[in-house]
Structures are given as structure tokens and as C-alpha cells.
Amino acid sequence: MNVNLIEIMSLPFMQRALLGALITGLIAPSLGIYLVQRRMSLIGDGIGHIALTGVGVGLLTGTSPVLTAIIVSALGAVAVELIRERGRTSGDIALAILFYGGIAGGVFLVGLAPGKGSANLTSYLFGSLLTTSATDLITIAILGACVLAVTVGLRPWLFAICQDEEYAKVSGLPVRALNLLLAVMTAVTVTVAMRSVGLLLVSALMVVPVAAAQLVSRGFGGTMTLAMLGGVISAGAGILVSAGYDTAPGATIVLAAIALFILVAVVGTALRRRRRADTGAAAVCDPPECVLDS
């Protein structure tokens, strides 16, 4: 590093970037674990693409892109959930529509917006965390609190519908309302992460920490806690590396999450092999009568 990291992190805009990243790293896995449980890990990508259309609407009309992105992506998420529920088409087709129609509509609308070039579009696609203002940070914190209130507060109910919808219906849970709420929270999470890692990378932060946590935890609650911790660690490490080496914050955060996954996988494999070796040695050697070579 050619710079003083402590000096850089003392700058207000870097502190705002760090806080925004930590909030995103906390909430993205808390929502992502439900998507992974339902085998819909890529839904974040689909919602991210359709959120770009919302950004285009905001830039074209001169309103807040974050607000329009939340509205449009929430409508898209609800539409996909209703299509999935009624079974009129496969989830893959619905996701394909979001992928292609959403990003095409966003690029088209951004092109029509006066004074908005490709640089502005890039900031939404890949994140623009270093430009986070105090108002942006407040918005991220409020939306993040809403997501956590749902994903953590309603965890037993949401887990039930993700595990077995039919059983949840028989148990009297409002399955449709919970599914729609989960869809809307996915849209909100994508919009929050839009500032941190960008719409094209948001799904990684929702899924990779969960995948890493699943390697070391079997229970849903423990996996959720570890995934959120992994998301926070990845976000913090990504910002520090980005500040030290002047790299793109969003991409660096995602690479940090992947590096954490690889580390957990390697260490976990080594520990399992060691335990199997120890178990094998204990099985063939009766401790009172067996002396191992030093």
C-alpha cells in the first residue's frame, strides 16, 4: 500500500462508505438465506436488472432513482412471485424476462434521460459507494432496519414457508402474504446494495456468505448468524482493501466474500480430514495398550 490507510479511513466520505457497506453486508445475507433455502439464489440478479429500469425512470423523470428503483423492483418481484405461485410459467422464464427486459429497459430509459451518460449508468451497475452522502447513509440505514425487522423478526414464519409451503398453509400461516413480503424485501435489499456493490453484483453478496456459512453450520439459525457475520466481514475487508489499493469497492467486497468462502472451504476440509484420521487411529488402537510413534 502506498497510502496511509488510517489517514484515508479518517476521511468522512470513507467512513460513510464503510458504514454503508457494513449495513449492506449485514442485511444481504439475512435475506439471501431464504432465497438459497428456496433454491432461488439467482433471483437477486433478476430483481437487480429490473431495478435498473426503475433507475432509468427516476433519471428520466427527475425524481429519486432510489425511490423509483424500489417501486419498480418491488412490482417486478411481486409479479414473479405471483407467476411462480400460479405455475403458469417456469421460474426460469420469469427470471429471463427480468434479466433481459429489465436491463434493456434501464439502458433505454437512461439513454433518454437528459444529461445522463454511461458513467452515471455504470455507477448503478457496479456501485458508487464512495459517493455516499449523509442522506444516502440515512436512507440505507432505514431501509436496512426494515429488512432486518422482517428477516430476523419473522424468521420462524419465513423459514416455514421456505421449507414446506403446503405444511405452512395447513398450519394456518398467511403463506401468500409472507411470500409477497419476502419478494418486496428482496427488492428493498437489492436497492440498498445498489449503492454498495452495484446491481450486477448484488446477488453475490446475498448468496456467497450464506454458502460459506452452510459449510460450517447445519442449523438454520446458526447459518443465518454466521452468514450475516461473514457478510459484515467481507464488506469491511473489501472497503479496507479498496481504500489501500484504490480498487472498485463493490467488486472488492464481492471478491472478499468469495475469498472468505474459499478459506472456510479449505479450512473445513482440512479439519474434517484430521477428524477422520483421528477417528481411524482411535478405532485401531486401544489407548491403554498402544504406544504411538513420536
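Reading guide: rules and limits
- Residues numbered from 1 in each chain as written.
- Predicted model: local features only at pLDDT ≥ 70, side-chain atom pairs only at ≥ 80, totals over all residues.
- Heavy atoms only, no water.
- Helix = DSSP H or I, 4+ residues; strand = E, 2+ residues; numbered from the N terminus.
- Contact = heavy atoms within 4.5 Å.
- Areas by Shrake-Rupley, 256 points an atom, 1.4 Å probe, with all protein chains shown as cover.
- Phe/Tyr/Trp six-rings, centres within 6.5 Å; stacked < 30°, edge-to-face > 60°.
- Buried < 20%, exposed > 50% of the residue type's maximum accessible area, 1.4 Å probe, protein only.
- Expected span 1.5 Å × (residues − 1).
- Axes fitted to C-alpha atoms, helices over the stretch in contact; angles between N-to-C directions.
- Parallel < 35°, antiparallel > 145°, perpendicular 65-115°, else oblique.
- Left-handed = near helix turned anticlockwise from the far one by under 90°.
- Nonpolar A, V, L, I, M, F, W, Y, C, P; charged D, E, K, R; others polar.
- 1 Å grid on protein atoms, 1.4 Å probe; cavity = no way out; pocket = protein on both sides within 12 Å on 5 of 7 lines; lining within 4 Å.
- Points joined across faces, edges and corners; volume = space filled by probe spheres on them.

Draft legend 1. Looking closely at the overall build of the protein chain. If you tally the helices and strands in the protein chain, you get 13 helices and zero strands. A sequence separation of at least 24 residues applies to 77% of the contacts in the protein chain between residues at least 6 apart. For the protein chain, the accessible area works out to roughly 14600 Å², and carbon and sulfur atoms hold 67% of it.

Draft legend 2. Molecular detail of the packing of aromatic side chains. Across all of its chains, the model carries two aromatic pairs by this definition. Between the aromatic rings of Tyr 34 and Phe 220, the centroid separation amounts to 5.6 Å while the plane-to-plane angle is 45°, which identifies the pairing as tilted. You can see Tyr 34 sitting in helix α2 (residues 12–37) and its partner Phe 220 sitting in helix α12 (residues 220–245), a full 186 residues away along the chain. Tyr 34 gets classed as buried once you look at its relative accessible area, which sits at 0%. Residue Phe 220 is classed as buried on the basis of its relative accessible area of 15%. Both rings, one in Phe 159 and one in Phe 220, keep their centres 4.7 Å apart while their planes meet at 50°; by these two values the pair is tilted. On the criterion of sequence distance, the pair formed by Phe 159 in helix α8 (residues 155–163) and Phe 220 in helix α12 is long-range, its members being 61 residues apart. Within the aromatic cluster, the residues linked to one another by ring pairs are Tyr 34, Phe 159 and Phe 220.

Draft legend 3. A look at α2. Here α2 is 26 residues long and its end C-alpha atoms lie 38 Å apart, about the 38 Å a rise of 1.5 Å per residue gives. One or two positions beyond α2, positive phi appears at Arg 39, with a value near 60°.

Draft legend 4. Here's a closer look at the packing of α2 against helix α10 (residues 175–196). Two elements in contact, α2 and α10, have axes whose closest approach is 9 Å; the angle formed by their N-to-C orientations is 150°. One way to sum up the angle between α2 and α10 is to call them roughly antiparallel. Where α2 crosses over α10, the two elements pack in a sense that is left-handed. Facing Gly 20, Ala 21, Thr 24, Ile 27, Ala 28, Leu 31, Tyr 34 and Leu 35 of α2, the residues of α10 in contact are Leu 182, Met 185, Thr 186, Thr 189, Val 192, Ala 193 and Ser 196. Split into classes, the residues belonging to the contact of α2 with α10 amount to ten nonpolar, five polar and no charged.

Draft legend 5. The arrangement of empty space enclosed by the protein in detail. Using the criterion set out here, one finds one cavity of 30 Å³ or more in the structure. In this structure, the largest cavity encloses a volume near 110 Å³. Contributing to the lining of the largest cavity are Leu 35, Arg 38, Met 40, Ile 43, Ile 47, Ala 77, Val 80, Glu 81, Asn 179, Leu 182, Ala 183 and Thr 186. Going through the elements one at a time, α3 (43–61), α4 (65–86) and α10 are the ones with two or more residues in the lining of the largest cavity. Top element by residues in the lining of the largest cavity is α10. It accounts for four residues. Its residues placed into classes, the lining of the largest cavity shows eight nonpolar, two polar and two charged.

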